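Structural features, examined
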Amino acid sequence: MLMLQLGVSLNPITNDYMRARTRLPRRRQPSSLNPSMTQLSSRAYIEGSTRTPALFRCLKMMEIGTKMNSGLLSDSLKKTLDPWKSCRYLGAIFVAYGLFGCSGKWIAGGCFGYHFDLVFDMWKNIEKSRINKFNHEKIIKLMGDMSLAKEAVSALQEMKCHGLRPSVEAYNSIIHGFAKKGMFEVALRFLNEMEEVDLKPDTETYDGLIQSYANFKMYDEMDKCVKKMISAGCILDHISYNILIREFAKGGLLKRMERTYQTVLTKRMDLQPSTLVSMLDAYANFGMIEKMEMVFQRLLKSKTPLKADQIRKLARVYIDNYMFSRLDDLGLDIASRYKTDLVWCMRLLSHACLLSRKGMNSIVREMAAAKVPWNVTVVNVMLLAYLKMEDFKRLELLLLEIPSRLVKPDIVTVGVLFDAKSFGFDSAAVLRTWRRLGFFDDVVEMNTDLLVLSAFGKGCFLRRCEEVYASLEPKVRASKIWTYHNLIDLMLKC
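Residues numbered from 1 in each chain as written. Predicted model: local features only at pLDDT ≥ 70, side-chain atom pairs only at ≥ 80, totals over all residues. Heavy atoms only, no water.

1. A look at the overall build of the protein chain
Within the protein chain one finds 28 helices and 0 strands. A buried classification covers 51% of the 494 residues belonging to the protein chain. Within the protein chain, counting contacts between residues at least 6 apart in sequence, those at least 24 apart form 64% of the total. Here the protein chain displays about 25,400 Å² of accessible surface, and carbon together with sulfur accounts for 54% of that area. (Helix = DSSP H or I, 4+ residues; strand = E, 2+ residues; numbered from the N terminus. Buried < 20%, exposed > 50% of the residue type's maximum accessible area, 1.4 Å probe, protein only. Contact = heavy atoms within 4.5 Å. Areas by Shrake-Rupley, 256 points an atom, 1.4 Å probe, with all protein chains shown as cover.)

Have a look at this one:
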């Protein structure tokens, strides 16, 4: 976002603007404005633009088509005015957002709501036909979407003053705006007001409330809201059920989640991909492998993309339950969709955890056939397996092969070397080679996939490094660029 700066005087602009600003209600005039409105404190120019005051630019955009339109805000912004080309409603809104220099603090403090109300009043007062239900409801929706609930209420009251009857959508924006802030008492007050003015809340009204209750982990209130929804004669649709399943899953309420899921299946409703992902996460968190795999297969059939962290979570479940062969299956399941190093990591890790040299060699051959280069994760998986098997011959060959593979060792690689040395491995040849290549002068890095540490653990060297480093004073840690040479010296001293 462009950084906006404020602070320029605004001279009188057009006749329409002058007429509009004199009709502004006094309650909307901030103390920084003088009675004549000839100056408006605006800190605002767009970076790199001409020296046109920001408010003037915004107002000029909103003056498009003052005489030849239907009086709707969206229609007014379809005309062309040099230097701005055709602008739609949302375009003008975002310009207003930017031109008033609204940082997060301004929005939270209501400054944006005040300034936009100011501009909207000027715009609609240019021509009385603009004071209509459509324009006011657009403003109410905008304010609700931006969590400016109090400003939305102000627009609602103004709408009533003009004799306009608000719609269900207008009330929904206000109810959801307060609910998002956790102000449920106020939200429910407007829900009751809807019924008093003979407006029946719809499914969207209750869906927004249910979602907000879930965001604040108020699951009992979610249930009460559903019961109130049903008693009011409002039927839960597939969106309502998907929200309930997702939020019960996130809250770890598996029985409620599964009960709602069965209802969806019975009613033959659609499950949204995000709902299946939430169910998958819930089953993975509780280590419920069979149900986790069932949902995962359904996600594969739906071709729903999964994030790498979600795939790692499934892999950790298999690792924690010593089901290492499933890592290879998981890698094959996602291989056609994810051309990433994670696929090869899981497949190689599957055989490494089973201490299968033959299996690891087969994966290495597949990588060569697919022309996939090695990385430090691949190297460390094999090194850790050889260390666990105490196969020091293959361990040494692989350590010496690292430079020719154009792989840069990391702290896990160094940890394997020193752990092997403590088990009786002759590390002289490797140390000479690495010193000659200047590897120990590099800054300490950790580039190995964390799944590897989940499977094999950190080892003595890494755990000792963490203990020694944690014992240092914060100033000492921050004042030094840690190379492998520095780290090894520190370990030897301690």
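Once the structure has been displayed, the description carries forward.
2. Concerning the packing of aromatic side chains
Aromatic ring pairs are reported here in terms of the distance separating the ring centres and the angle at which the planes meet. Taken as a whole, this structure holds 11 aromatic pairs when the rule is applied. These aromatic residues form a ring-pair network of at least three members: Trp-434, Phe-439, Phe-440 and Tyr-484. Looking at Arg-477, its charged tip hangs above the ring of Tyr-469, at a distance of 5.4 Å from the centre. For the cation-ring pair, Lys-480 lies above Trp-482, with the distance from its terminal atom to the ring centre recorded as 5.1 Å. (Phe/Tyr/Trp six-rings, centres within 6.5 Å; stacked < 30°, edge-to-face > 60°. Lys NZ or Arg CZ within 6 Å of the ring centre and 35° of its normal.)

3. Some thoughts on the confidence of the model for the protein chain
Confidence in the prediction for the protein chain averages 79 pLDDT; 73% of positions are at 70 or higher. Within the model, the stretch residues 1-114 combines pLDDT values under 50 with 193 contacts to residues more than four positions away or in other chains. (pLDDT = per-residue confidence, 0-100.)

4. Structural notes on the pattern of salt bridges
Under the criterion given, the structure shown has 17 salt bridges. The closest approach of N and O atoms between Arg-326 and Glu-293, which form a salt bridge, is 2.3 Å. Of the two residues, Arg-326 sits in helix H18 (residues 325-335) while Glu-293 sits in helix H16 (residues 289-302), which places them 33 residues apart along the sequence. For Glu-293, a relative accessible area of 22% gives the class partly exposed. With a closest N to O distance of 2.8 Å, Arg-312 and Asp-449 form a salt bridge. Here the residue Arg-312 occupies a position in helix H17 (residues 308-320), and Asp-449 occupies one in the loop between helix H24 (428-436) and helix H25 (450-456), the gap between them amounting to 137 residues. On the basis of relative accessibility, which here comes to 18%, the residue Arg-312 falls in the buried class. Residue class for Asp-449 comes out buried when judged on its relative accessible area of 12%. (Salt bridge = Lys/Arg side-chain N within 4 Å of Asp/Glu carboxyl O.)

5. Some remarks on H18
Every buried residue of H18 is accounted for by Leu-327, Asp-328, Leu-330, Gly-331 and Ile-334. The buried side chains of H18 occupy one side of the element, clustering within an arc of 160° when seen end-on. (Arc of directions from axis to C-beta.)

6. Quick word on unusual backbone geometry
Most peptide bonds adopt trans geometry, and most residues besides glycine take a negative phi value. Phi angles above zero are rare outside glycine, and Asp-198 is one such case at about 60°. Residue Asp-198 is classed as exposed on the basis of its relative accessible area of 69%.

7. Side note on the packing of helix H10 (residues 184-196) against helix H11 (residues 203-215)
Following both chains from N to C, one finds H10 and H11 inclined at 170°, their axes separated by 12 Å at the closest point. With respect to H11, the axis of H10 lies roughly antiparallel. Residues Phe-184, Ala-187, Leu-188, Leu-191, Met-194 and Glu-195 of H10 form the contact with H11, whose participating residues are Thr-205, Tyr-206, Leu-209, Ser-212 and Tyr-213. A breakdown of the residues in the contact of H10 with H11 according to their chemical character gives 8 nonpolar, 2 polar and 1 charged. (Axes fitted to C-alpha atoms, helices over the stretch in contact; angles between N-to-C directions. Parallel < 35°, antiparallel > 145°, perpendicular 65-115°, else oblique. Nonpolar A, V, L, I, M, F, W, Y, C, P; charged D, E, K, R; others polar.)

8. Thoughts on helix H7 (residues 133-145)
The end-to-end C-alpha separation of H7 is 18 Å, in line with the 18 Å expected for 13 residues at 1.5 Å each. Burial in H7 covers these residues: Asn-135, His-136, Glu-137, Ile-139, Ile-140, Leu-142, Met-143 and Gly-144. The first or second residue beyond H7 is Ser-147, which carries a positive phi of 60°. (Expected span 1.5 Å × (residues − 1).)

9. Comments concerning the packing of H18 against helix H19 (residues 341-353)
The contact between H18 and H19 brings their axes to 7 Å, and the two run at 160°. Between H18 and H19, the angle falls in the class roughly antiparallel. As H18 runs across H19, the sense of the crossing is left-handed. Two secondary-structure elements touch here, H18 through Ser-325, Leu-327, Asp-328, Leu-330, Gly-331, Leu-332, Ile-334 and Ala-335 and H19 through Val-343, Met-346, Arg-347, Leu-349, Ser-350 and His-351. (Left-handed = near helix turned anticlockwise from the far one by under 90°.)

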